[in-house]
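Descriptive analysis of the structure
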Amino acid sequence: MDIKEWADYQGSGIRPPDFDVFWEDGLREMEALPLDYILEPVDIPSQVANFYHLTFKGVGGATVHCQLITPKETDGKKLKGMLQFHGYHTDSGDFQDKIGWAAEGFVVLALDARGQGGLSQDCTQTSGGIMKGLIIRGMEEGKGNLYFRQVFLDTAHAARILKKMAFVDETRIYAQGASQGGGLTIACAGLVPDLYRVYVSYPFLSDYRKAYALGAQTSAFEEIPYWFQFRDPLHKRETEVFDTLEYIDIQHFAPRIKAEVCWVVGMQDTVVPPVTQMATYNKLTSKKQLIVLPEYGHEYLPKVSDEMRRYFLD
């Protein structure tokens, strides 16, 4: 399908009337937490970078882990900051992955999402199922207990920490991520509107109703039909479920974003269908650009990394 066919698609989501109030309340909860964090040096050989484990206490008391990579030489200058967010169920990767950005003068803070492949703690308490994934974690208790509410607030907390570092230029904070990491990047940009530029590849966590309607059993959204299959086979709670998930649907953050956005989509993506991504992209009102790869899906995208360097170093 031609991307132009979705140029006017506004998503299947129904933005809750109290969406902004809900998230402003969450931000106040997060901002009431201290900016304290613990740094632990990591011994990795490098001529250009220093490496640290950084941990902080997030909402709900969870210990949240990040990697921090800084240039060895700062020359007393304020440096650009970069937030990085990882894909579903994985972690922030190897420290080695970020050396190139440190060599270019960036201070990189890479977050481990709670309870996934990294070192961050998940304190969500729920009587509901978490079959196949985390979108539905905490959902049965309502919007305030959603797992991704806490993770989205963690992204804003990480941005808050990075901006307050003495050697970081708080007016030049960049963010990037792919898949779940792309979704977290968009959520972060909605919660922290003074980010400078963001770069996302095939972002996840957008347009749950549409993803379900497309047959989500074979996509990254598979936990939604599994939840119905085992918890509500007669769909008596369908309206309640989708109305609750609207609070963590990234398409509703798009109007809040002021940062410049570069978005990459593979038209053969069956994991995060392109139409679900366009629900969010089309709602962006800030400066934006779309890079389309017609023959690629949810996979390594060639030449894209070079474009990202130009975008972040311009």
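So, here's what we can say about the structure.

Scoring rules and cut-offs
- Residues numbered from 1 in each chain as written.
- Predicted model: local features only at pLDDT ≥ 70, side-chain atom pairs only at ≥ 80, totals over all residues.
- Heavy atoms only, no water.
- Helix = DSSP H or I, 4+ residues; strand = E, 2+ residues; numbered from the N terminus.
- Buried < 20%, exposed > 50% of the residue type's maximum accessible area, 1.4 Å probe, protein only.
- Phe/Tyr/Trp six-rings, centres within 6.5 Å; stacked < 30°, edge-to-face > 60°.
- Lys NZ or Arg CZ within 6 Å of the ring centre and 35° of its normal.
- Core = buried A, V, L, I, M, F, W, Y, C linked by side-chain atoms within 4.5 Å.
- Contact = heavy atoms within 4.5 Å.
- Pairing = 2+ DSSP bridges.
- Right-handed = clockwise from strand over helix to strand, strands pointing away.

1. Details of unusual backbone geometry
Residue Ser179 is not a glycine yet carries a positive backbone phi of 60°. With respect to the helices, strands and loops of the structure, Ser179 is situated in the loop between strand E6 (168-178) and helix H4 (180-191). Phi is positive for His235, which is not a glycine, with a value near 60°. Overall, His235 belongs to the partly exposed group, its relative accessible area being 25%.

2. Section: the packing of aromatic side chains
Tallying each qualifying case throughout the model produces 28 aromatic pairs. Note on Phe19 and Phe253: the rings are 5.0 Å apart at their centroids and 75° apart in plane angle, and the pair reads as edge-to-face. Highlighted residues: Phe19 in helix H1 (residues 19-31) and Phe253 in the loop between helix H7 (238-245) and strand E8 (260-266), separated in sequence by 234 residues. Phe253 carries the same exposure label as Phe19, and that label is buried. Here Tyr147 and Phe148 contribute two aromatic rings whose centre-to-centre distance is 4.9 Å and whose plane-to-plane angle is 80°, an arrangement assigned as edge-to-face. No difference in accessibility class separates Tyr147 from Phe148, as the two residues are buried. A network of ring pairs unites the aromatic residues Phe19, Phe22, Trp23, Tyr88, Tyr147, Phe148, Phe152, Phe204, Tyr208, Phe221, Tyr247 and Phe253 as a single cluster. Between the NZ or CZ atom of Lys132 and the centre of the ring of Tyr226, over which it lies, the distance is 5.0 Å.

3. A closer look at the nonpolar core
A general feature of soluble globular proteins is that nonpolar side chains tend to end up buried together. One finds Leu83, Ile135, Phe148, Phe152 and Leu195 to be the most contacted residues of the largest nonpolar core, which totals 81 residues. For this core, the leading source of residues is helix H3 (residues 147-164), giving ten residues. Those residues in contact with Phe148, other than ones at most four positions away along the chain, are Trp23, Tyr88, Leu134, Ile135, Gln180, Leu184, Leu205 and Ile248. By size, the runner-up hydrophobic cluster in this structure holds 23 residues, among which are Phe51, Tyr202, Ile291 and Leu301.

4. Some details on the pairing of strand E7 (residues 197-201)
Taking burial as the measure, the five residues of E7 include five buried ones, the bulk of the element. Side chains Arg197, Tyr199 and Ser201 project from E7 onto one buried face, and the interleaved Val198 and Val200 project onto a second face that is buried too. Where E6 and E7 come together, five bridges link them in parallel fashion. Paired with Ala175 across the bridge in E7 is Val198. Between the parallel elements E6 and E7, the chain passes through H4 in a crossover that is right-handed. In terms of strand pairing, E7 meets E8 through five bridges, oriented parallel. Its bridge partner being in E8, Tyr199 is matched across the sheet by Cys262.

By themselves, these figures tell us nothing about what the structure is for.
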